[in-house]
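Residue-level structural notes
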Amino acid sequence: QTSGEDWYFSRRSSVDRGAYVRWEDTPADARRQGRLIFRDRQGRETDLLVTTDLRLRGEHNLENVTAAITAATIAGASAATIRTVVPNFPGLEHRLELVATVEGRTFYNDSFATNPEPVMAALASFHEPVHLLVGGSSKQANFTALAKMICERSTTVSLIPLGTVEGPKIAAAVAAAQPPPSLSIYPPVYSMEEGVVLAYRVSQPGDVILLSPGCASFDLFPNYKERGYQFKRLVDRLKIDAGMSHD
């Protein structure tokens, strides 16, 4: 009953007007690909971007992208501007944040993931082999669904528990969920440095090393930001060491 207009956005299906993702057939061993489309009031469509052009990983982020494209276009942003800005948006710090690639290993900082659900969303974002650092202080979370997802619907090849509180509980839940032979569960580590060094040592070029703890930070760190900063500083050190080894 107002003078407002209804606009829509979706990562799953087409919309009458607004932005959506039109998915393409993608090989099973490749990152799923679609096209970001904007449909105007007259039903005319503009093909804007390929989803794999985005720096943001994870199909859940496409909800935010399509919403932003819809709002920006209504406000007057051009297709050319969207094509320039959206692929270069790095996302928010500590939220599935791309840190760097070192010797072919790509590091992601998802320290803001303090519950199991964001970890599951993060894992669903990758088709590459993932080395997962998990654990922290307790929020009384249940890890059964996360463990099942790790074992049945993710590409996790290494699970590295952090600390003495929730990390070992997650490892035990995964061990009880019948993990595939390809998944290695390591003993707990007691510092971020131990975890990053172990993940780097057991990984291969093309792999992803993901800090997505699924827990609060207060066992080893004062807050989730410091946990993420330590992870990023250690990745920077690996970059320096790798560069020196090639000199």
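What comes next is a walk through the structure. (Residues numbered from 1 in each chain as written. Predicted model: local features only at pLDDT ≥ 70, side-chain atom pairs only at ≥ 80, totals over all residues. Heavy atoms only, no water.)

Glancing now at the overall build of the chain. The helix and strand tally for the chain stands at seven helices and ten strands. Compactness check: the chain gives a C-alpha radius of gyration of 20 Å against a globular reference of 18 Å for 247 residues, within 12% of the reference. C-alpha extents for the chain along the principal axes are approximately 60 × 50 × 40 Å. Within the chain, buried positions represent 45% of all 247 residues. Considering only contacts within the chain whose residues lie at least 6 apart along the sequence, 68% involve residues at least 24 apart. Total accessible area on the chain is roughly 12,400 Å²; 51% of this is exposed by carbon and sulfur atoms. One finds the centroid of the 26 positive side-chain charges in the chain at a distance of 3 Å from the centroid of its 28 negative side-chain charges. (Helix = DSSP H or I, 4+ residues; strand = E, 2+ residues; numbered from the N terminus. Rg over C-alpha atoms; globule rule 2.2 N^0.38 Å. Buried < 20%, exposed > 50% of the residue type's maximum accessible area, 1.4 Å probe, protein only. Contact = heavy atoms within 4.5 Å. Areas by Shrake-Rupley, 256 points an atom, 1.4 Å probe, with all protein chains shown as cover. Lys, Arg positive; Asp, Glu negative; His and termini not counted. Charge placed at Lys NZ, Arg CZ, Asp CG, Glu CD.)

Packing of helix α6 (residues 192-202) against helix α7 (residues 224-246) leaves a shortest axis separation of 10 Å and a crossing angle of 45 degrees. Relative to α7, the element α6 lies oblique. Of the two possible hands of crossing, α6 and α7 adopt the one that is right-handed. Contacts from Met192, Glu193, Val196 and Tyr200 in α6 reach Arg227, Gln230, Phe231, Leu234, Arg237 and Leu238 in α7. (Axes fitted to C-alpha atoms, helices over the stretch in contact; angles between N-to-C directions. Parallel < 35°, antiparallel > 145°, perpendicular 65-115°, else oblique. Left-handed = near helix turned anticlockwise from the far one by under 90°.)

A few words now on the nonpolar core. Membership of the largest hydrophobic core comes to 25 residues, with the highest contact counts inside it found for Leu123, Leu132, Leu146, Ile150, Val174 and Leu210. Looking at this core, the elements that each hand over two or more residues are α3 (116-123), β7 (130-134), α4 (144-152), α5 (166-176) and β10 (208-211). Counting residues per element, this core draws most heavily on α4, which supplies five residues. The contacts of Leu123, once residues within four sequence positions are left out, are Val130, Leu132, Leu146, Met149, Ile150, Ser154, Thr156 and Leu210. (Core = buried A, V, L, I, M, F, W, Y, C linked by side-chain atoms within 4.5 Å.)

The strands that make up a sheet are held in pairs by hydrogen bonds between backbone atoms, and each pair lies either parallel or antiparallel. Pairing is mixed in the open sheet, where six strands are placed in the order β5-β6-β10-β7-β8-β9. Pairing within the sheet leaves two strands with one partner each, and these edge strands are β5 (97-102) and β9 (184-185). Sheet topology places β7 next to strand β8 (residues 156-161); five bridges connect them, and they run parallel. Bridge pairing in β8 places His131 opposite Ser158. Against the sheet, α7 engages β5, β6 (105-109) and β10, with an angle of about 20 degrees to β5. (Pairing = 2+ DSSP bridges.)

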